[in-house]
Amino acid sequence: MSVSRRKFLVYAGLGSYATLAGAASQARLAFPSLRRKGEGPNFHPIAPTTADELRLPDGFRYDLVCTYGEPLGTSGPHGKEVFGYNNDFIAYFPIDALQGGTNSREGLLWVNHEYPHPLFVSGYTWGPKKTEEQILAEKHSVGGSVIHVKREGQVWKHLPGSRFTRRLTANYPKMAVTGPASALLPEAVGTLANCSGGRTPWFTALSCEENYDSYNDVLVQGKYRGYRWADVPAQALDERQYGWVVEVDPFGELPPVKHSALGRFAHENAAWRLAPSGQLVVYMGDDANDQYLYKFVSAEPYQARASRADRRELLSAGTLYAADFANGRWLPLDLKRSEALRKEGFKSQAEVLLETRKAAKAVNATPIDRPEDCEVHPLDGILYVALTNNSKHGNFFGQIVRLIEHNDDPAGESFRFEIFFAGGPQSGLACPDNLAFDRSGNLWVVCDISSSSAGRGIYEPFGNNGMFVVPTSGPEAGDAFQFASGPKESELTGPWFTEDEQTLFLSVQHPGEESAGMDQLSSHWPDGGKSVPRPGIVAITGFR
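This text gives an overview of the structure that appears in the document. This structure is a prediction, so every number in the text was calculated from the model and none was measured.

A word on the pattern of salt bridges. Think of it this way: side chains of opposite charge can pair up when their charged atoms draw near. Inspection of every chain in the model, using the stated rule, returns 23 salt bridges. Between arginine 199 and glutamate 499 there is a salt bridge, with the nearest N and O atoms lying 3.4 Å from each other. With arginine 199 in strand S11 (residues 194-199) and glutamate 499 in the loop between strand S32 (491-497) and strand S33 (503-509), this pair connects stretches of sequence that are 300 residues apart. We note a salt bridge from arginine 402 to glutamate 418, for which the minimum N-O separation is 2.5 Å. With arginine 402 in strand S26 (residues 399-405) and glutamate 418 in strand S27 (residues 415-422), this residue pair connects regions lying 16 residues apart in the sequence. Among the charged side chains, a salt-bridge network with shared partners connects Asp287, Arg370, Glu372 and Asp448.

Structure below.
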């Protein structure tokens, strides 16, 4: 095998899942130095581990900022509020951001709370119907939190009771729906299944509702799947109200809204870029097997001097596209422009947006392997997309794709792509999920090997889920350096740097997720001993 490593990844192609899997043994022989032992970007890489701890390289430390169940010092419609469960996406907002500041020692965190673990949240164990009390406990554990944080000396602390602190849950607040689908759905109650997200240039958070279809009763082959909230009919969800991108202002000046123009599907995240025309472009992945990559292009250009309320209106009107990788085209999901959508029976643009997956399939977009996070490179504007895996196609380890817009214009309708990174034993990284860039263009990658598989079988070489740094240029471009390893059965999610890049906020999600019972706990993070595991936010320092 004489081709270069870079050509190998490009030749592999997006849909060549069997090629990627079958070539793994050859790749290990052809590229023996892919798992480097030397220095990574400003740290010495750690080795994979299955230890029940958050392990970092020498010279780095973490502060535990906030964990599930901690009092927030606030009250909501249902009493005193606490930090929610399964924290995922994090966005840091300098406390002086609205005044043009970049304070990296005090700010607000928006934190997503993706889903409950019934054993730890409501005490439910599988079998009987859920009670209303159990369902309400789970509803209050999801959504998101705004918390106030400050670095006092060298330690990051959470400041409960701040005027900025508040919760959004599956039960509250009510929020308006913007864009075309508001004709059919003018309002939604609360938010849930909040996975990843993004931060807008006017300093609001975009929180993405993902697996909204997992909460009502779903009977599959005689067995219930999901959280069974419909066990109590009054608590059942109107699923049309979820699966959107939710915009939240952590500073509290603007009410939260759901933007229907960005479509309804299992949203993973939202990454923005400005086109030469000034139009705002938002890239989004649909995190499920054989789903699609999307982008939204605003109808109007971005005006930096407009009010925050006016700038957010950009997300209410524009064109939603789905990616056709076979032809390098963005396909408009626009009823006026698409005969395929009209033939499919869509009667209005509101219907197209309510059933975005159906619309993407109708225009023949390319189904791909769990498009999770996508992020824009800060130096060249190239889009990086994490395709986590798809066992149906033999793609067990995933890859990262680079998408280059034609003429460097994200508002355009054509692109090319290449596979930048192929996961597997030959590269040391499996199942890429959330992505983040530092200012130097290094790609920080956290992984999503399922809790039931981590450290076992074909995933044994990787140990627990970890965090890696992958340079995107220079002699080490495409090499993975492990920076962190999470506790047992956890997933590291939501990486976000402060403006000075001296602190990295990170979520430790679902430690001990496979615990069989309160007397059979598989993790005890963060407190150790025989304690019950809790998800939490950490602040990592030690960067040079």
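Applying the stated criterion to the full structure yields 29 aromatic pairs. Seen in terms of ring centroids, tyrosine 124 and tryptophan 126 are 6.3 Å apart; in terms of plane orientation they differ by 80 degrees. Their pairing is edge-to-face. Classification of tyrosine 124 as buried rests on a relative accessible area of 6%. With relative accessibility at 55%, the residue tryptophan 126 sits in the exposed group. When the ring of tryptophan 202 is compared with that of tyrosine 302, the centres are 6.2 Å apart and the planes differ by 25 degrees; the resulting orientation is stacked. One end of the pair, tryptophan 202, is in the loop between S11 and strand S12 (205-209); the other, tyrosine 302, is in the loop between strand S20 (293-301) and helix H6 (308-312), with 100 residues separating them in the sequence. Members of the aromatic cluster, connected to one another through ring pairs, are Phe43, Phe60, Trp444, Phe483, Phe497 and Phe543. The ring of tyrosine 124 carries the charged tip of lysine 130 above its face, separated from the ring centre by 4.9 Å. We note lysine 358 situated over the ring of phenylalanine 346; from NZ or CZ to the ring centre the distance is 5.4 Å.

With that settled, the discussion passes to the side chain of glutamate 418. Using a relative accessible area of 16% as the deciding quantity, one classes glutamate 418 as buried. A polar contact of 2.5 Å, which involves the side chain of glutamate 418, links it to the side chain of arginine 402.

Calculation rules
- Residues numbered from 1 in each chain as written.
- Predicted model: local features only at pLDDT ≥ 70, side-chain atom pairs only at ≥ 80, totals over all residues.
- Heavy atoms only, no water.
- Salt bridge = Lys/Arg side-chain N within 4 Å of Asp/Glu carboxyl O.
- Helix = DSSP H or I, 4+ residues; strand = E, 2+ residues; numbered from the N terminus.
- Phe/Tyr/Trp six-rings, centres within 6.5 Å; stacked < 30°, edge-to-face > 60°.
- Buried < 20%, exposed > 50% of the residue type's maximum accessible area, 1.4 Å probe, protein only.
- Lys NZ or Arg CZ within 6 Å of the ring centre and 35° of its normal.
- Polar contact = N/O pair within 3.5 Å; in protein donor to acceptor, adjacent residues only side chain to side chain.

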